[in-house]
Amino acid sequence: MNEPLVASMREFGTTIFAEMTALAVRTGSINLGQGFPDTDGPDAMLEHAVAAIRAGGNQYPPGPGIPELRQAVAEHRKQHYGLLYDPDGEILVTVGATEAIAASLLALCDTGDEVILFEPYYDSYSAVVALSGAVRRPVPLRPVAGRFTFDPDELRAAVGPRTRAIVVNTPHNPTGTVFTRDELSQIAALCQEHDLIAISDEVYEHLTFDGVEHVPIATLPGMRERTVMISSAGKTFSVTGWKIGWLCAPARLVTAVQTVKQFLTYTAGGPWQVAVAHALREELGWVAGLRDSLAAKRDRLMTGLSAAGFGVYRPAGTYFVQTDIRPLGFADGGELARRLPELAGVVAVPTQVFYDRPELGRHFLRFAFCKRDEIIDEAVARLAHLGRPGKRTDNVV
């Protein structure tokens, strides 16, 4: 019998998140692999969802999203970034940011087009590029002075006559980098020079630390008209299971994306949309507290990982700490990740799976710190014995 899976998807198996979460469950390990919080979002937001369910809002909402949420998103974009979007035509509600990214790539990229991805990248990017028939052009992020960044010459060299789009993820998963205004300006210049679309994944927009500023690429001169700006309630309000995202873009791009999106899921859950509209207007103070809490959790986990002997990179945003396993005497992150439950009762994610060229990330592991303090403390206590006697414990880079 012929292989049932279409050829474009045969390089993709079960996602690493499903694999490592299943490993954590099977072994009873602490799961610092998948990036989901173990506490809920603001109480008032949750109550708005309950009230919407009890009020009968349980049938299909409008395909573009309920007007209340689209208006709240428009208000948020104006208030925080000075960007004006028409809620009736320039904003589309999606089933999480993952669907927004998928629908955008499927709508805007055709067979043979090329899409630039910064590697390591969120794994769905490469799968959807493949489904669209387009071709990935990876540009690596490498550690420079303690943070991951790209080489401008490598980025420019990746652009060719078939390049259609650049996927920009900032704050960046899995490295924790927040692109600077100068870095974004270099990307923007290429987009304008070569008439490219920027698909901007900004789900961690409110979760930056140490005073680091998140700059949406759409705010740069000449970029609003060529950017699909994607956000989500999941990370901002600690409700990853609700799967409510949205995108903002010029009407011509939104129309294209909605044409695809309507045949994927048609619409997203109504009660959650009502609750997220409330949260965008009333709960950003709660988000500020979440950001401060996550910064403390980051420092807590970094201290423990460094004491265990890992090389640790300080993230400026997201839920994740990137580590170098070589100071511990290991060379292959995939092998170590699958042995870590046996060695320490902890699960992490091998970063090499987020690369087209796995050798570039073979020595990295990603740990999530969006967990309760006692879970982080137990995890680092279990990891402590991985460090060899006499090893340095100041491996923060």
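Below is a summary of the structure that appears in this document.

Rules behind the numbers
Residues numbered from 1 in each chain as written. Predicted model: local features only at pLDDT ≥ 70, side-chain atom pairs only at ≥ 80, totals over all residues. Heavy atoms only, no water. Helix = DSSP H or I, 4+ residues; strand = E, 2+ residues; numbered from the N terminus. Rg over C-alpha atoms; globule rule 2.2 N^0.38 Å. Buried < 20%, exposed > 50% of the residue type's maximum accessible area, 1.4 Å probe, protein only. Areas by Shrake-Rupley, 256 points an atom, 1.4 Å probe, with all protein chains shown as cover. Lys, Arg positive; Asp, Glu negative; His and termini not counted. Charge placed at Lys NZ, Arg CZ, Asp CG, Glu CD. Phe/Tyr/Trp six-rings, centres within 6.5 Å; stacked < 30°, edge-to-face > 60°. Lys NZ or Arg CZ within 6 Å of the ring centre and 35° of its normal. Salt bridge = Lys/Arg side-chain N within 4 Å of Asp/Glu carboxyl O. Core = buried A, V, L, I, M, F, W, Y, C linked by side-chain atoms within 4.5 Å. Contact = heavy atoms within 4.5 Å. Axes fitted to C-alpha atoms, helices over the stretch in contact; angles between N-to-C directions. Parallel < 35°, antiparallel > 145°, perpendicular 65-115°, else oblique. Nonpolar A, V, L, I, M, F, W, Y, C, P; charged D, E, K, R; others polar. Pairing = 2+ DSSP bridges. Disulfide = S-S within 2.5 Å. Polar contact = N/O pair within 3.5 Å; in protein donor to acceptor, adjacent residues only side chain to side chain. Arc of directions from axis to C-beta. Patch = residues over 30% accessible without salt bridge, like charges linked within 9 Å, V, L, I, M, F, W, Y side chains within 5 Å.

Looking at the overall build of the protein
Broken down by element type, the protein carries 13 helices and 15 strands. For a compact globule of 397 residues, the expected C-alpha radius of gyration is about 21 Å, and the protein comes in at 21 Å, within 12% of that figure. When its C-alpha atoms are laid out on the principal axes, the protein stretches across 60 × 55 × 55 Å. Taking all 397 residues of the protein together, 56% fall into the buried category. Working note: accessible area of the protein is about 15800 Å², and carbon and sulfur atoms make up 52% of it. Mean positive and mean negative side-chain charge positions of the protein (38 and 46 charges, respectively) differ by 3 Å.

A look at the packing of aromatic side chains
Tallied over the full model, the rule gives 16 aromatic pairs. Aromatic pair Phe 17 and Phe 354: ring centres 5.8 Å apart, planes at 25°, arrangement stacked. Linking Phe 17 in helix α1 (residues 16-27) with Phe 354 in the loop between β14 (349-350) and β15 (364-368), this pair joins segments that are 337 residues apart in sequence. In this pair, the class of Phe 17 matches that of Phe 354, namely buried. Following the ring pairs from residue to residue traces out a cluster consisting of Phe 17, Tyr 122, Tyr 125 and Phe 354. If you follow Arg 366 out to its NZ or CZ, it ends over the ring of Phe 320, 3.6 Å from the centre. Stacked on the ring of Phe 36, the Lys or Arg Lys 371 has its end atom at 3.8 Å from the ring centre.

Quick look at unusual backbone geometry
Omega for the peptide link from Glu 119 to Pro 120 comes to 5°, which places this bond in the cis form. Considering the arrangement of structural elements, one finds Pro 120 in the loop between β3 (114-119) and α5 (123-132). Put simply, Asn 173 and Pro 174 share a cis peptide bond, and its omega is 20°. Inspection of the secondary structure assignment puts Pro 174 in the loop between β7 (163-169) and α7 (181-194).

Description of the side chain of Arg 366
Tracing the sequence through the fold places Arg 366 in strand β15. Of the side chains with opposite charge, Asp 123 comes closest to the buried, unpaired Arg 366, at an N-O distance of 8.2 Å.

Let's talk about the environment of Gly 211
Note on placement: Gly 211 falls in the loop between β8 (197-201) and β9 (227-232). Placed 112 residues apart in sequence, Gly 211 and Glu 99 show a C-alpha to C-alpha distance of 30 Å.

Topic: the nonpolar core
Leu 105, Leu 301, Phe 310, Leu 340, Leu 365, Phe 367 and Leu 383 are the most contacted members of the largest nonpolar core, which totals 71 residues. In contact with Leu 105, not counting residues within four places along its chain, are Val 115, Tyr 125, Val 128, Val 129, Ser 132, Val 167 and Ile 199. Of all hydrophobic cores here, the second largest spans 29 residues; its members include Leu 83, Ala 218, Met 229 and Ala 275.

What about the packing of helix α4 (residues 96-108) against helix α9 (residues 251-261)?
One can describe the packing of α4 onto α9 by two numbers: an axis separation of 8 Å at closest approach and a directional angle of 105°. Viewed along their axes, α4 and α9 adopt a mutual orientation that is roughly perpendicular. Contacts from Glu 99, Ala 103, Ser 104, Leu 106, Ala 107 and Leu 108 of α4 reach α9 at Leu 253, Ala 256, Val 257, Val 260 and Lys 261. When grouped by side-chain class, the residues that make up the contact of α4 with α9 number eight nonpolar, one polar and two charged.

Description of the pattern of salt bridges
With the rule as written, the count across this model stands at 28 salt bridges. The residue Arg 226 makes a salt bridge to Asp 195 at a minimum N-O spacing of 3.1 Å. Residue Arg 226 is found in the loop between β8 and β9, and its partner Asp 195 is found in the loop between α7 and β8; the two are separated by 31 residues along the sequence. You can call Asp 195 exposed: its relative accessible area is 54%. Here Glu 378 makes a salt bridge to Arg 382, at a shortest N to O gap of 2.9 Å.

Let's talk about the sheet that holds β7
Strand order in the open sheet formed by seven strands is β2-β10-β9-β8-β7-β3-β4, with mixed pairing between adjacent strands. The strands lining the two open edges of the sheet, one partner per strand, are β2 (91-94) and β4 (135-140). Between one strand axis and the next, the sheet turns through 20° on average, direction left out of account. Of the pairings in the sheet, the one linking β2 to strand β10 (residues 245-248) comprises four bridges and is antiparallel in character. From the neighbouring strand, Thr 94 faces β10, where its bridge partner is Gly 245.

So, the state of the cysteines
Inspection of every chain in the model, using the stated rule, returns zero disulfides. In this structure Cys 248 is not part of a disulfide, and its nearest cysteine sulfur, from Cys 191, lies 18 Å away.

Notes on the side chain of Arg 136
For Arg 136, the location among the structural elements is in strand β4. Among the polar contacts listed, one links the side chain of Arg 136 to the side chain of Glu 11, at a separation of 3.1 Å. A distance of 3.0 Å separates the side chain of Arg 136 from the side chain of Asp 356, its partner in a polar contact. Sequence-distant contacts of Arg 136, that is, excluding residues within four places in its chain, are made with Glu 11, Phe 12, Val 115, Leu 117, Tyr 121, Ser 126, Val 129 and Asp 356.

Overview of helix α12 (residues 333-344)
Among all positions in α12, only Gly 333, Gly 334, Leu 336, Ala 337, Leu 340, Pro 341 and Ala 344 are buried. For α12, the angular spread of buried residues about the axis comes to 170°, placing them on one side. Here the buried face of α12 lies against α1, β13 (346-347), β14, β15 and α13 (373-383). Following α12 by one or two positions, Gly 345 has its phi on the positive side, about 70°.

A closer look at a nonpolar patch on the surface
There is a patch of nonpolar side chains on the surface, built from Leu 5, Val 6 and Leu 131 and spanning about 250 Å² of accessible area. As for its placement among the helices and strands, Leu 131 is situated in helix α5.

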